[in-house]
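Summary of structural features
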Amino acid sequence: MILISKEVVLECLSKGKNFFPVLRKYLHISKQELSAILDELVEEGLVFYRKGTNEYYLIKTGKVQIKEAGYGFISVDNEEVDYYASKYELEGVYDGDTVSFFALDEGGNHLEAYIIKIVKRAHTTVIGKYKEVNMCFPGGCSIGERPINLHLKGFEKLGAKIVEKDNHNSAIDYEVN
């Protein structure tokens, strides 16, 4: 009996052998053995299982470059190929973000990227200024009185200066740097 390593399975996946029966036939191993290896690779975050398709894909990590029209490309270190990401796939992703994704060959000019998650944001600073925000205290409805202390503590942690007025309003004065 030949034991197949996870590295051998990863190598096969990198060559486009993603469909479970094809992978099994290529490696000459049992369903149980291949399932166990693939389950471990999925658990380790190295492989993505596409539900309902019986397909497994290598998870890659790369940097996003978004074009003006909304689509973009993902470049992976030490790879010559960039992966195409549609406007739909880039929803919530910003230019320069690092993402994990898997790629499919859809038969076009590019390999199509399907984003799994954002790994690291390119920019973590919020730009803007809020001079004053007026809030009414919650309550005065059928629910009744409700505490606001957690909200106010959150604003204070953001650098806000809390000022109470008229026992019903709270003026919050802060700047975001």
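Everything below is about the structure shown above.
Residues numbered from 1 in each chain as written. Predicted model: local features only at pLDDT ≥ 70, side-chain atom pairs only at ≥ 80, totals over all residues. Heavy atoms only, no water.

Re the side chain of D97
Note on placement: D97 falls in the loop between β5 (82-85) and β6 (98-105). Owing to a relative accessible area of 1%, D97 belongs among the buried residues under this scheme. Not counting residues up to four positions away in its chain, the partners in contact with D97 are G62, K63, V64, I118, K120, R121 and A122. (Helix = DSSP H or I, 4+ residues; strand = E, 2+ residues; numbered from the N terminus. Buried < 20%, exposed > 50% of the residue type's maximum accessible area, 1.4 Å probe, protein only. Contact = heavy atoms within 4.5 Å.)

Considering the environment of T98
By the element assignment, T98 lies in strand β6. By relative accessible area, T98 is classed as partly exposed at 21%. Along the sequence, T98 and A122 sit 24 residues apart, while their C-alpha atoms lie 7.1 Å from each other. T98 has contacts with T61, G62, K63, I118, V119 and K120, leaving out every residue within four places of it along the chain.

Section: the pairing of β5
Taking every second residue as pointing to the same face, the buried face of β5 carries Y83 and A85, while none of D82 and Y84 on the other face is buried. Between the end of strand β4 (residues 72-75) and the start of β5, which pair antiparallel, lie six residues, with N78 showing a positive phi angle near 65°. (Pairing = 2+ DSSP bridges.)

Structural notes on the layout of surface pockets
There is about 260 Å³ of room inside the largest pocket. Residue lining of the largest pocket: L13, S14, G16, N18, Y57, L58, K60, Y83, A103, L104, D105 and L111, and that is the complete set. Mapped by element, the contributors of at least two residues to the lining of the largest pocket are α1 (6-14), β2 (55-58) and β6. Per-element accounting of the lining of the largest pocket gives the leading share, three residues, to β6. In terms of residue class, the lining of the largest pocket is built from seven nonpolar, three polar and two charged. (1 Å grid on protein atoms, 1.4 Å probe; cavity = no way out; pocket = protein on both sides within 12 Å on 5 of 7 lines; lining within 4 Å. Points joined across faces, edges and corners; volume = space filled by probe spheres on them. Nonpolar A, V, L, I, M, F, W, Y, C, P; charged D, E, K, R; others polar.)

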